[in-house]
Amino acid sequence: MLITAEQRGSLESLIDLAARGRALRHEHDNPKEGPALQDLVTQHKEAEEQKREAAEVVETFRTQVAECQTLTEKQNVQIKKKTDELNDGTGLTSRDLVNLQNEIAGHEERVAEIEESELGSMEELEAAESALSEAESKLAEVTAAGRSTQTSIKERKAELATQIDENSAAAQTLKAELPDELVRQFENNISQGGPGAAILSGPNCQACGQEIGGATWKSMLLEDPNQTYECEECEAVLLRKG
Ligand SMILES: [Zn+2]
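Since this is a predicted model, take the numbers as computed values, not measurements. (Residues numbered from 1 in each chain as written. Predicted model: local features only at pLDDT ≥ 70, side-chain atom pairs only at ≥ 80, totals over all residues.)

1. Topic: the sheet that holds strand E3 (residues 237-240)
What the 3 strands build is an open sheet, ordered E1-E3-E2; its pairing is mixed. The outermost strands of the open sheet, each flanked by one partner alone, are strand E1 (197-200) and strand E2 (228-230). Geometrically, the sheet is characterised by an average inter-axis angle of 35° between neighbouring strands, direction not taken into account. Examined bridge by bridge, E1 and E3 share 4 bridges and lie parallel to one another. Within E3, the residue paired with alanine 197 across the bridge is valine 237. Strands in contact with helix H1 (residues 5-29) are E1 and E3; relative to E1, the strand with the most contacts, it is inclined by about 110°. (Pairing = 2+ DSSP bridges. Helix = DSSP H or I, 4+ residues; strand = E, 2+ residues; numbered from the N terminus. Axes fitted to C-alpha atoms, helices over the stretch in contact; angles between N-to-C directions. Contact = placed C-beta atoms within 7 Å.)

Right, here's the structure in full:
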């Protein structure tokens, strides 16, 4: 189809706009920060798991400390009871008194042992609590980074959506300047995933790569440069380089 020089300019601009529109849509659907967000999601899962494990360790030592305290309490009850018996002394032989004293000493020894074990558990608890606090900080950090990346992607997508709309509007204006049939051919190629139209710089379709036969190419070279063609393979609008 023969078009005017002005229409040729419009078609060339439309080719550029369509390419820009494709790049915008590609970025919109494949955000640049997408892989970073995916990485943060993985890190978040790991951080959550580490926090859960650290909390379990803390719970184990807390239980140990509590158990020690219960045991000490029981021993102290015995010490109190036997000390009262000893102080009362009613009906006790000297042998009973010695036995009671030995029993009290035994309970006191046990208390000392439990307290030593409790001290060990308390030290481990302190270390476990500090590990838990680190795990919590890491999780908070990853969560914040994830939110900020999500926001950034959302903002960029909104920006791209605006640019896509502007691009479509500009393309619409250019299409209005071109013959209807040419526009139909252009849109048909776009709907098949093509660029719509392409400029020929040699005997190959710049849209799909299809070779143009030597005889055809030669006859095309003799025609008006504002003559448009349709690729036999992909049906894109083709225009010779000016
Ligand atoms: Zn083609």
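2. Some thoughts on the nonpolar core
Soluble globular proteins: nonpolar side chains tend toward being buried together. One finds Leu11, Leu14, Ala197, Ala198, Ala236, Val237 and Leu238 to be the most contacted residues of the largest nonpolar core, which totals 20 residues. Going through the elements one at a time, H1, helix H3 (94-176), helix H4 (180-191), E1 and E3 are the ones with two or more residues in this core. At 5 residues, H1 tops the list of elements feeding residues into this core. With 5 residues, the next largest nonpolar core counts Ala54, Leu125, Ala128 and Leu132 among its residues. (Core = buried A, V, L, I, M, F, W, Y, C linked by C-beta atoms within 7 Å. Buried ≥ 20, exposed ≤ 12 C-beta atoms within 10 Å, placed from the backbone.)

3. Points about the domain arrangement of the protein
Splitting the protein by domain gives domain 1 (31-176) and domain 2 (179-240). Just the C-alpha atoms count here: the centres of domain 1 and domain 2 sit 68 Å apart. (Domains from an automatic or database assignment.)

4. Some points on the environment of phenylalanine 61
Positionally, phenylalanine 61 belongs in helix H2 (residues 34-88). Considering only alpha carbons, one finds phenylalanine 61 and leucine 125, 64 residues apart in sequence, at a separation of 5.2 Å. Ignoring anything within four residues of it in the chain, the contact list for phenylalanine 61 reads Ser121, Glu124, Leu125 and Ala128.

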